[in-house]
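Residue-level structure breakdown
Okay, here's what each chain looks like letter by letter:
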Amino acid sequence: GIRHYAEGTRLLDRAIALAPKDYYARLMRAERPLYERADTRPWHAELDAILAEDPRAASTVADSLLDCALYERDPAAADRAVSKARFIVPSEAA
């Protein structure tokens, strides 16, 4: 339901305990304070932690990097996030 933050947080904590390398679950957990009180700091910190663990993960979490940069109104970080993104270009129809 709407605004069941504590319940959602507990479920995400369990998911992370089972799969600590699951970037998606970790980022969802770190976004909770953003939804609760517009606080991007935990999300930003988790992104930094993921990149410190594995710098190659930048392309995997580029969408979250960009979203976080946009929420924080940081154009330089947004540019860096876009540069790390992998874009899939559909092949031209023959």
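The structure this text deals with has already been given above.
Residues numbered from 1 in each chain as written. Predicted model: local features only at pLDDT ≥ 70, side-chain atom pairs only at ≥ 80, totals over all residues. Heavy atoms only, no water.

Turning next to the overall build of the protein. When you go through the protein residue by residue, the secondary structure sums to five helices and zero strands. For the protein, the sequential pattern of α-helices and β-strands runs α-α-α-α-α. With respect to the principal axes defined by its C-alpha atoms, the protein has extents near 50 × 30 × 30 Å. A total of 94 residues make up the protein; the buried ones form 34% of that total. Long-range contacts, defined as pairs at least 24 residues apart, comprise 36% of the intrachain contacts of the protein with a sequence gap of at least 6. Accessible surface, the protein: about 6,800 Å² in total, of which carbon and sulfur atoms supply 56%. In the protein, 14 side chains carry a positive charge and 16 a negative one; their mean positions are 5 Å apart. (Helix = DSSP H or I, 4+ residues; strand = E, 2+ residues; numbered from the N terminus. Buried < 20%, exposed > 50% of the residue type's maximum accessible area, 1.4 Å probe, protein only. Contact = heavy atoms within 4.5 Å. Areas by Shrake-Rupley, 256 points an atom, 1.4 Å probe, with all protein chains shown as cover. Lys, Arg positive; Asp, Glu negative; His and termini not counted. Charge placed at Lys NZ, Arg CZ, Asp CG, Glu CD.)

A few words on the layout of surface pockets. The space that makes up the largest pocket amounts to roughly 230 Å³. Elements with a minimum of two residues in the lining of the largest pocket: α3 (41-53), α4 (62-71) and α5 (75-84). For the lining of the largest pocket, a count of residues per class yields seven nonpolar, one polar and five charged. (1 Å grid on protein atoms, 1.4 Å probe; cavity = no way out; pocket = protein on both sides within 12 Å on 5 of 7 lines; lining within 4 Å. Points joined across faces, edges and corners; volume = space filled by probe spheres on them. Nonpolar A, V, L, I, M, F, W, Y, C, P; charged D, E, K, R; others polar.)

Our focus in this paragraph is helix α1 (residues 5-18). Between its terminal C-alpha atoms α1 stretches 20 Å, which fits the 20 Å expected from 14 residues at 1.5 Å a residue. All of the buried residues in α1 are G8, T9, L12 and I16. For α1, the angular spread of the buried residues around the axis is 100°, confining them to a single face. Exposed and facing more than 90 degrees away from the buried side of α1 are R10, R14, A17 and L18. On its buried face, α1 is in contact with α2 (23-37). (Expected span 1.5 Å × (residues − 1). Arc of directions from axis to C-beta.)

Tallied over the entire structure, the rule returns seven salt bridges. Between R26 and E46 there is a salt bridge; the shortest N-O distance is 2.6 Å. Linking R26 in helix α2 with E46 in helix α3, this pair joins segments that are 20 residues apart in sequence. Connected through shared salt-bridge partners, K21, R26, E46 and E53 make up one network. (Salt bridge = Lys/Arg side-chain N within 4 Å of Asp/Glu carboxyl O.)

Those residues of α5 that fall on the buried side of the exposure criterion are A77, A78 and A81. Axial view of α5: buried residues confined to an arc of 100°, hence all on one face. Residues of α5 that are exposed and point more than 90 degrees away from the buried face comprise P75, D79 and S83. Next to the buried residues of α5 lie α4. Backbone nitrogen of A76 and a side-chain oxygen of the N-cap are separated by 3.3 Å at the start of α5; the cap is D74. (Polar contact = N/O pair within 3.5 Å; in protein donor to acceptor, adjacent residues only side chain to side chain.)

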